[in-house]
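Per-entry structural report
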Amino acid sequence: MAKHREFDADADLDWDAEAASFDDEPDHGLRDPRVRAAWADRLRSWLPGRACDILDLGCGTGSLSLLASEQGHRVTGVDASPAMVDLARAKLAGRDAAFLVGDAATPPVGEQRFDVVLVRHVLWALPDPGRALRHWRELLRPGGRLVLVEGVWGTVSPVGIPAERLAALLEPLAGQVRVEPLSGDAALWGRAVDDERYAMVATV
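Here we summarise the structure given alongside this text. (Residues numbered from 1 in each chain as written. Predicted model: local features only at pLDDT ≥ 70, side-chain atom pairs only at ≥ 80, totals over all residues. Heavy atoms only, no water.)

**A look at the overall build of the protein chain**
In terms of regular secondary structure, the protein chain is built from 8 helices and 8 strands. Scaling as 2.2 N^0.38, a compact globule of 204 residues should have a C-alpha radius of gyration of about 17 Å, and the protein chain matches this with 16 Å. Projecting the C-alpha coordinates of the protein chain onto the three principal axes gives extents of approximately 40 × 40 × 35 Å. Burial statistics for the protein chain: of 204 residues in total, 51% are counted as buried. (Helix = DSSP H or I, 4+ residues; strand = E, 2+ residues; numbered from the N terminus. Rg over C-alpha atoms; globule rule 2.2 N^0.38 Å. Buried < 20%, exposed > 50% of the residue type's maximum accessible area, 1.4 Å probe, protein only.)

Structure (structure tokens):
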């Protein structure tokens, strides 16, 4: 099975060049109403029921940010690609959302704190996932949560972070960790998948 572009092992991938076609993947652009509804339902179950402040790291073109905003949350998105950030700003124009160019591992948010740090398909590619998790925990208010969507993609040359490894990294940082398998929900991906995909919600 072919890998998504975001799962390319090439560290030199030009994300600015990828930005224009990034939303062509069903789970990136969420253009299909069924895919969009599937992600909206999942997100609603992972985020607090009240309006809160969400930090979307590696936000890409802002598709998850838009869903969170539509559910009444205030969103700050961070991505290393200026082109991605431009597209996210356009997608959420007029909403209670701000987008910054920066490193997801050390986002440029100063002393601002959040109720949720939301990260999809980013942690596996960072050089030191444990260090990033510790930093993200410091960006949360008391009782905040980390919402991490990750996996191990591909069968020939798999890349990613297994749920067991991520749970071990989270154990010393969180009081409660919930793992939600996502591989069996074809609506999320626009097709059936047979590799490991999951969400991990950690309350601190």
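And the narrative resumes.
**Some details on the pairing of strand β4 (residues 114-120)**
A large share of β4 lies buried, amounting to 7 of its 7 residues. Across 4 bridges, the pairing between strand β1 (residues 53-57) and β4 is parallel. Its bridge partner being in β4, L55 is matched across the sheet by V117. Assessed by its sense of winding, the connection that carries the chain from β4 through helix α6 (residues 129-138) to strand β5 (residues 140-153) is right-handed. (Pairing = 2+ DSSP bridges. Right-handed = clockwise from strand over helix to strand, strands pointing away.)

**Notes on the pattern of salt bridges**
Inspection of every chain in the model, using the stated rule, returns 11 salt bridges. Two residues, D185 and R42, come together in a salt bridge whose shortest N-O distance is 3.0 Å. Pair noted here: D185 is in the loop between β7 (176-181) and α8 (186-189) and R42 is in helix α3 (residues 33-46), with a separation of 143 residues, a long-range link. Overall, the relative accessible area of 17% leaves R42 in the buried class. Across the pair R141 and D53 runs a salt bridge, and its minimum N-O distance is 2.8 Å. Separated by 88 residues along the polypeptide, R141 in strand β5 and D53 in strand β1 bring together distant segments of the chain. Since its relative accessible area comes to 30%, R141 is described here as partly exposed. D53 gets classed as buried once you look at its relative accessible area, which sits at 13%. Beyond isolated ion pairs, a larger network of salt bridges with shared partners links R50, D53, R74, D115 and R141. (Salt bridge = Lys/Arg side-chain N within 4 Å of Asp/Glu carboxyl O.)

Treat this as a map of the structure, not an account of what it does.
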